[in-house]
Amino acid sequence: MKKLSARRRHPLAALVVLLFALAVTGGLYAAFAPADKAQADDTAQSLAIKEGKKLFAVGCASCHGTGGQGSSDGPSLVGVGAAAVDFQVGTGRMPAQQPGAQVPRKRNIYTNAQIDQLAAYVASLGPGPAVPDKAQYSADGADIGKGGELFRTNCAQCHNFTGKGGALTNGKYAPTLEGVNPKHIYEAMETGPQNMPSFGDGTLSKQNKKDIVAYLGAVDSDKSASPGGMELGGLGPVTEGLFGYIFGLGACVAVAIWVAARTTKAKKS
Amino acid sequence: MSNETTATTARRGQAPRGERIADWADGRLGIYSLAKANMRKIFPDHWSFMLGEVALYSFIIIILTGVYLTLFFHPSMAEVTYHGSYVPMHGIKMTQAFESTLHISFDVRGGLLIRQIHHWAALVFLAAMMVHMMRVFFTGAFRKPREVNWLFGFLLFVLGMFTGFTGYSLPDDLLSGTGVRFIEGVILAMPLIGSYLQMFIFGGEFPGHDIIPRFFTIHVLLLPGIMLGLLVAHLILVIYHKHTQFPGAGKTNNNVVGMPLLPVYMAKAGGFFFLVFGVIAVIAAVASINPVWAIGPYRPDQVSTGAQPDWYMGFAEGLVRVMPGWEWNFWGHTINFGVLIPILVFPLVLVAIAVYPFVESWVRGDKREHHILDRPRNVPTRTAFGVAWLVAYFVMLIGGGNDLWATHFHLSINSITWFVRIAFFVGPVLAFIATKRICLGLQRRDKDKVLHGRESGIIKRLPHGEFIEVHEPLNQEQLHFLTQHEQPEPVELGPEVDENGVRRKLKRSQKLRAKLSKGYYGEDNVIPKPTVEEYKEITSGHGHH
């Protein structure tokens, strides 16, 4: 160390330190900066964003503004994330057909690739929840019973016991969850579309969301069994009462008419 | 038995077994005179007379299936964790009541079918009682001597509502628990006594551990016991009064035209019981009702949308749903009109229909017995009142299901609520006026038919070129049917002054009565039926008109 210390006043010492510092900085950068492969992805990403921006200009900009900043007709999309776009466009809600109390679900007119491009563009406007991957919403490793309990605590007050939907104020409504893609249910919880509150990971953990999606898959999909027979919409006593009146009492009255019409006749009239 | 009979029996050997059994029973129960008086009891034939039978049979079905359910049901609110065969409920904490309901549904042989038969039969029972009551109302079958039986029937309907409600609450599922919470709110809304009554009924704070066992006792013992007694009394009175009949040839106020109880009606009624049982069993086999496994166990911190009671309580639900949430706060006390007014209106609406027979007989000054039924059109005011009552009832049913009307017809729930608020007051008035006009129109048509005959659709050209439609005269039976009804004069107040020229003092009730009576029989409220002279004059003339 003495040698080094003795030469610290050398005229070239500053140059050596500078070169060393540059080398360390460069080396650290090389070590921690995104690899070449990531750089290649980045170009694909930027391409997707570019394409998404074009689609956005055609389908979305008239309400959400040319830069997604929002207008009097639609909210700002800065920070809503890719999951929101995947939900809204994937379920056909967006682009909206007309303004109203609530935008209904309808046929989706975009391809999956186009939805991804739109999502990439909107995600580039500000950070937000990403589209969940399959492992997050698949039923593997989910607790269905727990999911049911969570559903009844957090969701049933608007969506009904088994997700058949219900009314909200002034023409708004909680839609039925029957036949909804598990990915979209997951995204809806994450992003809180339209009148729905969002259930971020702090409110309902990732596992909680997975449980809820699995519960709905068990009780409210076309595969779920109805041990009692026809479900009658799963809407509870109103439809049951209507069915009881029309088919229960109706059939009894029909039978009564039949029985009363068949009688022994004392004499031919 | 006299010696002589014994001697006869001994001479001919033993009597047939059936006779011996009947003899044995008669000696101890006195059934001979009972059977003699009732076996040939005549019942008239009409499908609408069988609505009460539908109610009776569904009640029997409910008792039979209910007994089976009590064998497996545990009316306890002790907490257990579910580990049964329904996977989506695994690991969920619930009361024993709910667990045993799941057990009945999934693990007891035939349990789910019996549960569903029990519940569907309950809905049909109440519906049949209501429709039966309406048949009795619109045909005037509640008139003397049947007013008391009308009240028995009404009580059966009201008790049926509460039996149904307590039964609906027993599984302790999220839906029915919400209903029990609703009842707690209703009790709390009663001024002064509310909090004390709530503590007494629930044995502490809601939900406590007492309400399900208490409801169980009320549901399987108290209310069905009273209902069974009323039912027997209702049937005894039907036999005692004899059945009413629709007007027609040969039918008078002093006879009953129909078939005897034995053997015809025994066979018909017995067969009809099995048909009703079959209909309800088929419905229970194909259509789910109250799927508690999907609804989940009750927890006071959870609630679902679309939480409605069974249909017979929907009327009360509607009243509470559409009532504005007004309340007064003073000196630390709250009067909650949002709930209090509906629970006052609820019994009033029911009582309005219950006391109607007494009001009508007072207004009409009618103390005679009536065994011939009215055609609804011939008593326009009564018919209009009944329709108005039904409109009020069904408007409130819409209010009770306002959320489902909103989602299924793409309407705003707020608009529906406002519609119901207005329609509850305006609807019955409009219905009253419209029904009355329709009844009078039908009376005019009847008169026209009597005087001019039935339009035959045959067009005839007369020699001078005129076209006429040929009217076929009615036969004697049809003429009788259209003109047999009475058209009494309205109750008169009498002259304003007495024989000394002094103004008579009239009680306010007398004036009211005269006014209401005019509403029944006044000039504008009845179409005078054709007289014999009118009929003769027209029919003896040109033969057409």
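Rules used in this analysis
Residues numbered from 1 in each chain as written. Chains lettered and ligands numbered in written order. Predicted model: local features only at pLDDT ≥ 70, side-chain atom pairs only at ≥ 80, totals over all residues. Heavy atoms only, no water. Domains from an automatic or database assignment. Buried area = accessible area lost by both parts, 1.4 Å probe. Salt bridge = Lys/Arg side-chain N within 4 Å of Asp/Glu carboxyl O. Polar contact = N/O pair within 3.5 Å; in protein donor to acceptor, adjacent residues only side chain to side chain. Nonpolar A, V, L, I, M, F, W, Y, C, P; charged D, E, K, R; others polar. UniProt positions renumbered as here; feature names shortened; annotations may be inferred. Helix = DSSP H or I, 4+ residues; strand = E, 2+ residues; numbered from the N terminus. Patch = residues over 30% accessible without salt bridge, like charges linked within 9 Å, V, L, I, M, F, W, Y side chains within 5 Å. Areas by Shrake-Rupley, 256 points an atom, 1.4 Å probe, with all protein chains shown as cover. 1 Å grid on protein atoms, 1.4 Å probe; cavity = no way out; pocket = protein on both sides within 12 Å on 5 of 7 lines; lining within 4 Å. Points joined across faces, edges and corners; volume = space filled by probe spheres on them. Buried < 20%, exposed > 50% of the residue type's maximum accessible area, 1.4 Å probe, protein only. Contact = heavy atoms within 4.5 Å.

One frequently used descriptor of interface size is the decrease in accessible area upon assembly of the parts. All names here are of chain A. We note that the domain assignment places domain 1 (41–131) and domain 2 (132–224) within chain A. Here domain 1 packs against domain 2, burying approximately 1,400 Å² in sum over the two surfaces, 50% of which is carbon and sulfur. Looking only at domain 1, the three residues that lose the most surface to domain 2 are Phe87, Gln102 and Val131, adding up to 40% of its buried area. The tally of links from domain 1 across to domain 2 stands at 1 salt bridge. For the pair domain 1 and domain 2, the interface holds 5 residue pairs in polar contact (both at pLDDT 80 or more). When the residues that make up the side of domain 1 that touches domain 2 are grouped by side-chain class, the tally is 10 nonpolar, 4 polar and 3 charged.

UniProt annotation of "domain: Cytochrome c" (unreviewed entry) refers to residues 47–126 and 142–220 of chain A when read in the numbering used here. The straight-line gap between the two end C-alpha atoms of residues 142–220 of chain A is 16 Å; of that span, 49% is helix and 5% is strand.

Moving on: a nonpolar patch on the surface. On the surface, Val351, Val355, Phe358, Val359, Trp362, Leu512 and Leu516 of chain B cluster together into a nonpolar patch covering about 550 Å² of accessible area. Here Phe358 of chain B shows up in helix H15 (residues 356–364).

Residue and element names in this part refer to chain B. There is about 1,100 Å³ of room inside the largest pocket. What lines the largest pocket is a set of 40 residues, among which Gly52, Glu53, His234, Leu235 and Val238 lie closest to the centre. Of all the elements in the fold, those that place two or more residues in the lining of the largest pocket are helix H4 (51–70), helix H6 (111–138), helix H7 (147–169), helix H10 (211–241) and helix H11 (261–286). Top element by residues in the lining of the largest pocket is H10. It accounts for 8 residues.

Quick look at the pattern of salt bridges now. All names here are of chain A. For the structure on display, the rule yields 22 salt bridges over all chains. The residue Lys164 makes a salt bridge to Glu178 at a minimum N-O spacing of 3.5 Å. A residue pair is termed long-range when its members are at least 10 positions apart, and Lys164 in the loop between helix H9 (156–159) and strand S1 (166–167) and Glu178 in the loop between strand S2 (173–174) and helix H10 (182–191) qualify at 14 residues. With a relative accessible area of 10%, Lys164 lands in the buried category.

Contacts between the two partners involve 56 residues from chain A, matched on the other side by 65 residues from chain B. Contact between chain A and chain B buries roughly 4,600 Å² in total, counting both sides, with carbon and sulfur atoms accounting for 71%. Per-residue buried area on chain A facing chain B is highest for Arg152, Phe161 and Tyr245 of chain A; these three make up 16% of the total on that side. Arg299 of chain B serves as the salt-bridge partner of Glu149 of chain A, at 2.4 Å between the closest nitrogen and oxygen.

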